[in-house]
Each structure stands twice: as structure tokens, then as C-alpha cells.
Amino acid sequence: MHISLDQFEGDWQLARIIEDRRNDIEGRLSGTATFTRVGPLELHYAEEGELVYGQQAAMLATRRYIWRGFEGEHAGKIAVEFEDGRPFHVIELDRLMPDDDHHCDPDFYHVSYDFSRWPQWESIWRVVGPSKDYRMISRFQRV
């Protein structure tokens, strides 16, 4: 199976579970994620959904990233950047279950993707640091 940056373009249903181990709280988000083409090798990612975190009232949650593809020897990889262009992590699309790390001192972020049931896919984040200890599972399905 070969997945390319282009195949992410469009709308996805998003379901997320946040397991906050430090505070013994579970969060759930239900919403949409949209990948919008900006250039031949660039998609803008925008998600929006309703987040229920523990006993707190439901709130609107949003997140935005830039996904950039590569040509040449790095084709098949996607650089995920924060909305302001700072690097976040890399997805190697030649693997069904790629993973990568992001250090944001003093916190450590590890992501693993699972594309084995494409076009359904998921990302699992494990985040640890002095004031963080959670696992976040996001599941995506075409709208």
C-alpha cells in the first residue's frame, strides 16, 4: 500500500480520546479535520470539534498545522509543521506504522501513526514531562 500527501486532501470525521494519567481524567473530542490544498506539495490541516474533558462543560477545540510533502530523495515523507511554520515532526509514508518524536523542553512527545486500515487511520501521541502525562488517540475516517 502506498499513501501519498494528496490522499489526505478533503474532510475527515475525527474522534479523539485523551487519557490524562497525571490527573486521572478522560477527555473526548468529536469533530472534523479538513486538509486543504495550498500548493502542489502543501496541505493546511484544520480541526474543529467539541471537547468534553472530565466533568468540565463541553468546549470548542481547534488545531491547525501545515503538512508539506517532499520531492526527490525525500519523496514519501511529510513534514508536519505548526501553523507558524516551526517544525513539529515527520511522517514516513513508506511505512504502515510510522513514528517520530518531538522535544519541547521540558516535555517529550512521541507519535505513532497507523495507516494499516487506510482510508481509516489513527495517530497516537504519548506525552510526558514535569506537568504532563497523557496518551491521545485520534481516529480519522472519510466524511
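Residues numbered from 1 in each chain as written. Predicted model: local features only at pLDDT ≥ 70, side-chain atom pairs only at ≥ 80, totals over all residues. Heavy atoms only, no water.

A. Layout of the pairing of strand E1 (residues 10-20). Relative to strand E2 (residues 25-39), E1 runs antiparallel, the two being bridged by eleven bridges. Across the sheet, residue Asp 11 finds its bridge partner in E2, namely Thr 34. The antiparallel pairing of E1 with E2 creates a hairpin that spans four residues between the two strands, and Asp 24 there sits at a positive phi of about 50°. Bridge count between E1 and strand E10 (residues 132-142): nine bridges; the pairing is antiparallel. Looking across to E10, one finds that Ala 15 is bridged to Arg 139. (Pairing = 2+ DSSP bridges. Helix = DSSP H or I, 4+ residues; strand = E, 2+ residues; numbered from the N terminus.)

B. Quick peek at the pattern of salt bridges. Under the criterion given, the structure shown has 15 salt bridges. Close ionic contact of Glu 26 with Arg 28 constitutes a salt bridge, the shortest N to O distance being 3.0 Å. For Glu 26, a relative accessible area of 39% gives the class partly exposed. Here Arg 28 falls in the partly exposed class, since its relative accessible area comes to 45%. For the salt bridge of Glu 122 with Arg 117, the shortest nitrogen-to-oxygen distance reads 3.9 Å. Residue Arg 117 is classed as partly exposed on the basis of its relative accessible area of 49%. Connected through shared salt-bridge partners, Asp 6, Glu 9 and Arg 37 make up one network. (Salt bridge = Lys/Arg side-chain N within 4 Å of Asp/Glu carboxyl O. Buried < 20%, exposed > 50% of the residue type's maximum accessible area, 1.4 Å probe, protein only.)

C. Geometry of the side chain of Ser 123. With respect to the secondary-structure elements, Ser 123 resides in strand E9 (residues 121-129). Those residues in contact with Ser 123, other than ones at most four positions away along the chain, are Val 111, Ser 112, Tyr 113, Met 136, Ile 137, Ser 138 and Phe 140. (Contact = heavy atoms within 4.5 Å.)

D. Seen up close, the sheet that holds E2. Within the open sheet, the ten strands sit side by side as E6-E5-E4-E3-E2-E1-E10-E9-E8-E7. Their pairing is antiparallel. The sheet terminates laterally at strand E6 (87-92) and strand E7 (99-104), the two strands that pair on one side only. Averaged over neighbouring strand pairs, the angle between their axes works out to 25° when direction is ignored. (Axes fitted to C-alpha atoms, helices over the stretch in contact; angles between N-to-C directions.)

E. Broad picture of the packing of aromatic side chains. According to the stated counting rule, one finds 23 aromatic pairs in the structure shown. Centre to centre, the rings of Phe 35 and Tyr 45 are 5.0 Å apart; their planes meet at 65°, and the pair counts as edge-to-face. Linking Phe 35 in strand E2 with Tyr 45 in strand E3 (residues 42-53), this pair joins segments that are ten residues apart in sequence. Grouping residues by exposure puts Phe 35 and Tyr 45 together as buried. In this structure, Arg 86 packs its charged tip against the face of Phe 82, placed 4.4 Å from the ring centre. (Phe/Tyr/Trp six-rings, centres within 6.5 Å; stacked < 30°, edge-to-face > 60°. Lys NZ or Arg CZ within 6 Å of the ring centre and 35° of its normal.)

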